[in-house]
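Given next are the chains, with one letter for each unit.
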Amino acid sequence: MKPVTGAKSLFLITLLILTLLPTQALTQDEENQTIFNRANEAYSSGDFLGAIDFYQELTQEKGYATGVLFNLANSYAQLGMVGEAILHYERALRLSPTDSDIRGNLELIKTKNTLFPKEFSWSERFLGLLDLNQWTLSAFFFLLIFSILHLLSLKISTSVLLRRFMQICCLLLFFLCSACAISRHHQWQPSVVINSDSRLLLSPFSAAASTGAIQEGRLVYPEKVHGLFTYITDETGRKGWIATTSILSVLGKT
Amino acid sequence: MKFFKLLAFSLLLLLFCLGPLSVQAEITAQARLGNHSFPVDRVAKLTVLVNGAGSSKIEIPEVPGIRFHSRGQSSQINIVNGSYSSSVSNIYLVQASSPGKYTIPPIIVVADKESVQTEPIHFEVTGAGQTTSQNSGQKNGEKDNRVAFIRTSETGKHYSGEIVPVTIKAYFNPQYRTNINSLPVLKGDGVVMAPLSNEPEQTEELFEGKKYNALTWTTSFSGIKAGNHPIQLEFDATVLVTKRRRATSPFAGNSLFDDSFFNSVFGGAQQKPIKVVSEDLHFEVSDLPSQGKPENFTGAIGEFQLKVKASPTTIDVGEPITLSIVIEGKGNFDRAEAPVFPITTDWKAYSPTSDYSKPKNLPVGSKLFEQAIVAKVSDLKEIPPLTFSYFDPTKNSYQTISSAPIPVTISGPAPVDSQPNLVATTSSPTPKPIQPEREAPPIADLAPIHLETGTFVKEIIPLYKKRWFILACCLSVAILIFSSVAKGRRKNLEKHPELRLLKKRKQVLAEDLELLAKAKSESNSAHFLSICRQTVQHQLGLQWDIEPTAISLADIEKRLTTHPQLIEIFAAAEHAAYGGTHLSFETMQNYLETVQRDLEELL
């Protein structure tokens, strides 16, 4: 029997890896789907805590996925854990901003728990038409159109006036969308109050005077951290220090 | 002249007409003593001000050891925006026969058959020659000349979280024109101050025998950690300083115009920023005692009362009752939480809403909690009592107060689903179960769960941080840069036609030379010479701007004297076109090199 040469062995190993990789991925997908199905079964049978355990297992091992986050948020909502529910709906919205189920459930939970935001000005309402990613994508789209028009003007001779008009429109829309994206940047990464007995304090000390309670599920925007406390502004404009353990970042890890 | 007489008469008539109005206006009397502490060899001015009456009779009471000397009265009539008011000031000088503490009892004022009285006035008479203020030993010229200073009420010793009412007074010397630029701020750790009003009370006050304009804020301090905290109050102000003029007299004596009056008239003034800082204060804070702390104590410190009402009190099982729980009194209401409803199997309680209210200028407040409770069974007779615990700093102990049980009538069978129809009661608070039992009934109207996981991502990052998006943006910018450069070059060529011609000639020459090389490799002499001729014609045609085929040997000989070898090749090519010829490979190579070199020189 002839000994296998180095080049041949390398080829064989590569072939083996290429053959096994899709199989491995397929197995992992099947495992994920199995855990997900078990979580869904637990949810359907009313075992929301059990469902949360399965969904959390998926999230911690595989990362974030819209379906998992949405179902996890539903489970928390069914248990009355408003803060956790809103946190996971918000996370799911970051991945699928146009999903009507997520938006609907989020609005329902907020309304049921009287978590009403402040009255928005017309400019805030305009900014709220799209989220950060959608504004960013729109800005990119107009930049791309502008570039392509610029390129085509080398080869295709059209009316100068029409070309200029289209280019100016694209450029203005690009700057508008960029400005909106920058404005939305801060609002895209809030934290959520997850404790029901959280209070806003005047100073970052546990014995400091309180300026009032803050509802569980409120979106807050952290500004600075001092020791165990974070200085925040909530969605209604109230400011104060809150225990860092009482809030969780929408972008952070679970 | 007649007109002015008529005008004066009309005004008088108007005053007479308005006179009766003052009778109908509310009559008030106020007594004010100019100095509440003065030596026995001095007098103090007592002013009794009667508003709303044109004339009045004042009955000065008799005070042993005190004599009142009347110094007459002055009256004032104001008509502002058609509103008429009158006031009469009666002035007395108060003299004491011996030092001591005195009180002027209420002074009775009778005006238009109506009797009103003033508040009693307490004052102190010191020995002859003594200064009059409480800090008499400190009085000196420097203090008299202070532009402004801050004083606060006593702070004392308190508990952490306790609300301590404090009065802050900023005194301004009326000799200076001063503007306040900021509200007083508290400097120091461990103590916080409630926000100050932008509209402090403005009064004229005597301090250490000197009159000041005073601003008064009523606020509160609260210690946030135990310890003896040194604190200060400070604010920014601007004082208008008159510039002193240089002496106008060249002599040693004072000139008439060296008077200080002229400093203000001709010297000008400048604004000088100052920082007014209070003396060091000490705010001593101690922790609440851990001994005897009730379980339901949430941090409320002060004096509170508890009132509980329920509505309705006659209901069916499953219907909500709204409890109105009022905690009122003095203290830190932010720590006053709703009393916890006892957790039993008979009642289901929902988290309460709260509403705090405090009348302006009063130290007391009240906090209203509204809580929905639902009876689960029908044999309940009363709502259990609620308890509230607080720490009373005056008694130095924890206090627990309870409400009385509220009788209720509950009828009907228990419902299958204990979730009440809370929508029916508008006053019911948020239907969220209280924290201890965090099991909410399933929410039926939630959108159902998803059956697909979706794509997993390791972290949620915004689009602009994703690699593919950054690459796409770079590509877009690259397209933009490329097209801009290309456009620039095109414009440059349009501006300089000779460059375009040169480019064209280079391109044509390259193509022709390629054909020549091909013909040479095929050893086809006739074709080679024909292409040589064509190449020369193309280049010269472009250079001379004439049709290439129209260029003859004669033209070249006439206009191209610098390149005889090229003429020779062109002549050979023309000859071959009519007579035929054979060239060796070396000759063709030689011709090719010559044509290439000469035509490149002509570019």
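Parameters and conventions
- Residues numbered from 1 in each chain as written.
- Chains lettered and ligands numbered in written order.
- Predicted model: local features only at pLDDT ≥ 70, side-chain atom pairs only at ≥ 80, totals over all residues.
- Heavy atoms only, no water.
- Helix = DSSP H or I, 4+ residues; strand = E, 2+ residues; numbered from the N terminus.
- Buried < 20%, exposed > 50% of the residue type's maximum accessible area, 1.4 Å probe, protein only.
- Contact = heavy atoms within 4.5 Å.
- Areas by Shrake-Rupley, 256 points an atom, 1.4 Å probe, with all protein chains shown as cover.
- Buried area = accessible area lost by both parts, 1.4 Å probe.
- Salt bridge = Lys/Arg side-chain N within 4 Å of Asp/Glu carboxyl O.
- Polar contact = N/O pair within 3.5 Å; in protein donor to acceptor, adjacent residues only side chain to side chain.
- Nonpolar A, V, L, I, M, F, W, Y, C, P; charged D, E, K, R; others polar.
- Patch = residues over 30% accessible without salt bridge, like charges linked within 9 Å, V, L, I, M, F, W, Y side chains within 5 Å.
- Pairing = 2+ DSSP bridges.
- Axes fitted to C-alpha atoms, helices over the stretch in contact; angles between N-to-C directions.
- Core = buried A, V, L, I, M, F, W, Y, C linked by side-chain atoms within 4.5 Å.

**Some words on the overall build of chain A**
No. 1: Check the secondary structure of chain A and you find eight helices and seven strands.
No. 2: Out of the 254 residues in chain A, the part that is buried amounts to 47%.
No. 3: Of the contacts made within chain A by residues no fewer than 6 positions apart, 57% connect residues no fewer than 24 positions apart.
No. 4: Summed over all atoms, the accessible surface of chain A reaches about 13,200 Å², with 66% contributed by carbon and sulfur.

**Remarks on the overall build of chain B**
No. 1: Of the regular secondary structure elements, chain B holds nine helices and 32 strands.
No. 2: When each of the 603 residues of chain B is scored for burial, the buried share is 38%.
No. 3: For chain B, the proportion of contacts with a sequence separation of at least 24, taken over those separated by at least 6, is 71%.

**Observations concerning the interface of chain A and chain B**
No. 1: At the junction of the two partners, chain A supplies 68 residues and chain B supplies 53 residues.
No. 2: Of the roughly 5,100 Å² buried at the junction of chain A and chain B (both faces included), carbon and sulfur atoms supply 60%.
No. 3: When residues of chain A are sorted by the area they lose upon contact with chain B, Gln78, Phe140 and Leu154 of chain A head the list and together hold 12% of the total.
No. 4: Across the chain A-chain B interface, the total number found is one salt bridge.
No. 5: The interface formed by chain A and chain B holds 16 residue pairs in polar contact (both at pLDDT 80 or more) in total.
No. 6: For the side of chain A that touches chain B, the secondary-structure elements that each account for two or more residues are α1 (6-44), α2 (48-62), α3 (66-78), α4 (82-95), α5 (100-112), α7 (132-155) and α8 (160-188) of chain A.
No. 7: In the side of chain A that touches chain B, the residues fall into 32 nonpolar, 24 polar and 12 charged.

**With respect to a nonpolar patch on the surface**
All names here are of chain A.
No. 1: Where nonpolar side chains cluster on the molecular surface, the patch consists of Trp122, Phe126, Leu129, Leu173 and Leu176 and spans about 540 Å² of accessible area.
No. 2: Of all the elements in the fold, those that place two or more residues in the nonpolar patch are α6 (122-127) and α8.
No. 3: One can find Leu129 in the loop between α6 and α7.
No. 4: By relative accessible area, Leu129 is classed as exposed at 60%.

**Here we look at the sheet that holds strand β8 (residues 108-111) of chain B**
Residues and elements named next belong to chain B.
No. 1: Spatially, the three strands line up as an open sheet ordered β4-β8-β9, and their pairing is antiparallel. The sheet is open, and its two edges are formed by β4 (57-59) and β9 (114-117), each paired on a single side. This sheet shows a mean twist of 20° between the axes of neighbouring strands, independent of strand direction.
No. 2: Here β8 runs beside β9; their pairing, made up of four bridges, is antiparallel.

**Considerations on the nonpolar core**
No. 1: Membership of the largest hydrophobic core comes to 52 residues, with the highest contact counts inside it found for Tyr43, Tyr55, Ala77, Ile86, Tyr89 and Ile109 of chain A together with Leu446 of chain B.
No. 2: Only α1, α2, α3, α4, α5, α7, α8 and β4 (219-226) of chain A provide two or more residues apiece to this core.

**Quick notes on the side chain of Ser138 of chain A**
Residues and elements named next belong to chain A.
No. 1: Position of Ser138 relative to the elements: it lies in helix α7.
No. 2: Here the side chain of Ser138 touches Gln134 through a polar contact of 2.7 Å, landing on its backbone oxygen.
No. 3: When residues no more than four places from it in sequence are discounted, the contact partners of Ser138 are Leu130 and Cys177.

**What to know about the sheet that holds strand β7 (residues 100-104) of chain B**
Residue and element names in this part refer to chain B.
No. 1: If you walk across this open sheet you meet the three strands as β2-β10-β7, and the pairing is mixed. The open sheet is flanked by β2 (37-39) and β7, the only strands paired with a single partner. Averaged over all adjacent pairs, the angle separating strand axes in this sheet is 30°, with direction ignored.
No. 2: Pairing of β2 with strand β10 (residues 121-126), which is carried by three bridges, proceeds in the parallel orientation. Bridging from a neighbouring strand, Ser37 pairs with Glu124 of β10.

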